[in-house]
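Listed below, chain by chain, are the residues.
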Amino acid sequence: MGDVTDFRNFMGAVIDDRSFAKLSSVLDRVRGEDGVEILAGGAADDKEGYFVRPTIVVADDPDHEVFTTEYFGPILGVFVYEDAEYDKVLRESAAIGAYGLTGSIIAADRSAIVEAMDVLRFSAGNFYINDKPTGAVVGQQPFGGARASGTNDKAGSVLNLLRWVSPRTIKETFVPPTDYRYPFMG
């Protein structure tokens with residue numbers, strides 16, 4: 001972590017003091033909470049820039065805020081479940097949150113991937129398979145969210161253009177009708 005102009009750094013600070021305050025309060029709130037464990041990270045420092053250390057939070061309640069809130073910061077929520085509960089957890093995760101910006105599944109089993117793509121179809125505007133759910137290249141990869149994350153109109157693609165246009169159809173007849181019936185009705 002460090003200055004974004006130094007390409008040896010993987011990531012930089014969060015965008016501003018409001019974002020820093022929001023993310024810091026999340027870390028303070030979950031620290032020591034029953035059923036929640038911070039596995040890595042959990043620190044925030046604004047002495048020089050607004051740095052929030054990448055944080056992994058494990059929570060045992062699938063309704064916990066780490067799974068239902070868009071933080072726009074380096075906080076990853078992890079929910080551990082038994083293999084036999086995959087179908088149940090997949091379906092619950094499809095409906096749990098109001099947001100739907102991006103989603104990702106990492107799997108080697110093609111049938112699990114296909115099932116997740118189907119079940120999570122309306123859960124994320126951008127869906128990644130065996131990749132991280134960040135880093136869309138604007139202008140090359142459309143980007144936009146569903147549900148409370150936006151209108152899913154995909155900035156960086158022709159789909160976004162449709163948001164800004166109002167199609168109109170005009171039909172002009174130069175020989176006006178003289179009868180209401182169609183010719184075949186004669």
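Scroll up a little and you will see the structure.
Residues numbered from 1 in each chain as written. Predicted model: local features only at pLDDT ≥ 70, side-chain atom pairs only at ≥ 80, totals over all residues. Heavy atoms only, no water.

Trainee: Honestly, the nonpolar core in this entry has me stumped. Any pointers?
Mentor: Nonpolar side chains tend toward joint burial in soluble globular proteins. With 13 residues, the main nonpolar core has Leu23, Val52, Val57, Val66, Tyr71 and Ile75 as its most contacted residues. Going through the elements one at a time, α1 (17-30) and β4 (55-59) are the ones with two or more residues in this core. At 5 residues, the largest contribution of residues to this core is made by α1. (Core = buried A, V, L, I, M, F, W, Y, C linked by side-chain atoms within 4.5 Å. Buried < 20%, exposed > 50% of the residue type's maximum accessible area, 1.4 Å probe, protein only. Helix = DSSP H or I, 4+ residues; strand = E, 2+ residues; numbered from the N terminus.)

Trainee: So what exactly am I meant to see when it comes to the packing of aromatic side chains here?
Mentor: Centre distance and the angle of the planes are the two values used to describe a pair of aromatic rings. Taken as a whole, this structure holds 4 aromatic pairs when the rule is applied. With centroids separated by 5.8 Å and ring planes inclined at 45 degrees, the aromatic side chains of Phe20 and Tyr50 adopt a geometry described as tilted. Taken together, the residues Phe20 in helix α1 and Tyr50 in the loop between β2 (44-45) and β3 (51-52) connect sequence positions 30 residues apart. Both rings, one in Phe79 and one in Tyr81, keep their centres 6.4 Å apart while their planes meet at 20 degrees; by these two values the pair is stacked. (Phe/Tyr/Trp six-rings, centres within 6.5 Å; stacked < 30°, edge-to-face > 60°.)

Trainee: What exactly am I supposed to notice about the environment of Glu65 here?
Mentor: By the secondary structure assignment, Glu65 is in helix α2 (residues 65-68). In sequence terms Glu65 and Gly77 are 12 residues apart; their C-alpha atoms lie 8.8 Å from each other. Once residues lying within four places of it in the same chain are set aside, the contact partners of Glu65 are Val26, Arg29 and Tyr71. (Contact = heavy atoms within 4.5 Å.)

Trainee: Looking at this model, I keep getting lost on the pattern of salt bridges. Mind explaining?
Mentor: A side chain with one charge can pair with a side chain of the opposite charge if their charged atoms come near. Counted under the stated rule, the structure contains 7 salt bridges. Between Asp6 and Arg8 there is a salt bridge, with the nearest N and O atoms lying 2.7 Å from each other. Between Arg29 and Glu65 there is a salt bridge, with its nearest N and O atoms 2.8 Å apart. A residue pair is termed long-range when its members are at least 10 positions apart, and Arg29 in helix α1 and Glu65 in helix α2 qualify at 36 residues. With a relative accessible area of 43%, Arg29 lands in the partly exposed category. (Salt bridge = Lys/Arg side-chain N within 4 Å of Asp/Glu carboxyl O.)

Trainee: Mind showing me how you'd approach unusual backbone geometry here?
Mentor: Residues apart from glycine generally show negative phi values, whereas peptide bonds are mostly found in trans. With a phi angle near 55 degrees, Phe72 is a residue other than glycine that sits in the positive phi range. Structurally, Phe72 is set in the loop between α2 and β5 (75-78). Backbone geometry at Asn130 places phi at a positive 55 degrees, although glycine is not the residue there. Along the chain, the position of Asn130 falls in the loop between β8 (126-129) and β9 (146-147).

Trainee: What am I meant to see in the sheet that holds β5 here?
Mentor: Adjacent strands of a sheet form backbone hydrogen bonds with each other and so pair up, either parallel or antiparallel. Spatial strand order, β1-β4-β5: 3 strands in an open sheet with mixed pairing. One side of each edge strand has no neighbouring strand; the edge strands of this open sheet are β1 (36-40) and β5. Each strand of the sheet is rotated relative to its neighbour by a mean of 30 degrees, with strand direction disregarded. Of the pairings in the sheet, the one linking β1 to β4 comprises 4 bridges and is antiparallel in character. (Pairing = 2+ DSSP bridges. Axes fitted to C-alpha atoms, helices over the stretch in contact; angles between N-to-C directions.)

Trainee: For this particular structure, what's the right way to read a nonpolar patch on the surface?
Mentor: On the surface, Val158, Leu161, Leu162 and Val165 cluster together to form a nonpolar patch covering roughly 390 Å² of accessible area. Tracing the chain through its elements places Leu161 in helix α5 (residues 158-161). (Patch = residues over 30% accessible without salt bridge, like charges linked within 9 Å, V, L, I, M, F, W, Y side chains within 5 Å. Areas by Shrake-Rupley, 256 points an atom, 1.4 Å probe, with all protein chains shown as cover.)

Trainee: I would appreciate a short explanation of the side chain of Thr55 in the present structure.
Mentor: Here Thr55 shows up in strand β4. Separated by 2.7 Å, the side chain of Thr55 and the backbone oxygen of Arg53 make a polar contact. Setting aside its immediate chain neighbours within four residues, Thr55 contacts Leu27, Ile38, Ala40, Gly41, Gly42, Ala43, Pro74, Ile75 and Leu76. (Polar contact = N/O pair within 3.5 Å; in protein donor to acceptor, adjacent residues only side chain to side chain.)

Trainee: Got a minute to help me understand the side chain of Ser19 in this structure?
Mentor: Locating Ser19 in the fold gives a position in helix α1. Note on Ser19: relative accessible area 13%, which makes it buried. Excluding anything up to four places from it in sequence, Ser19 contacts Val14 and Phe72.

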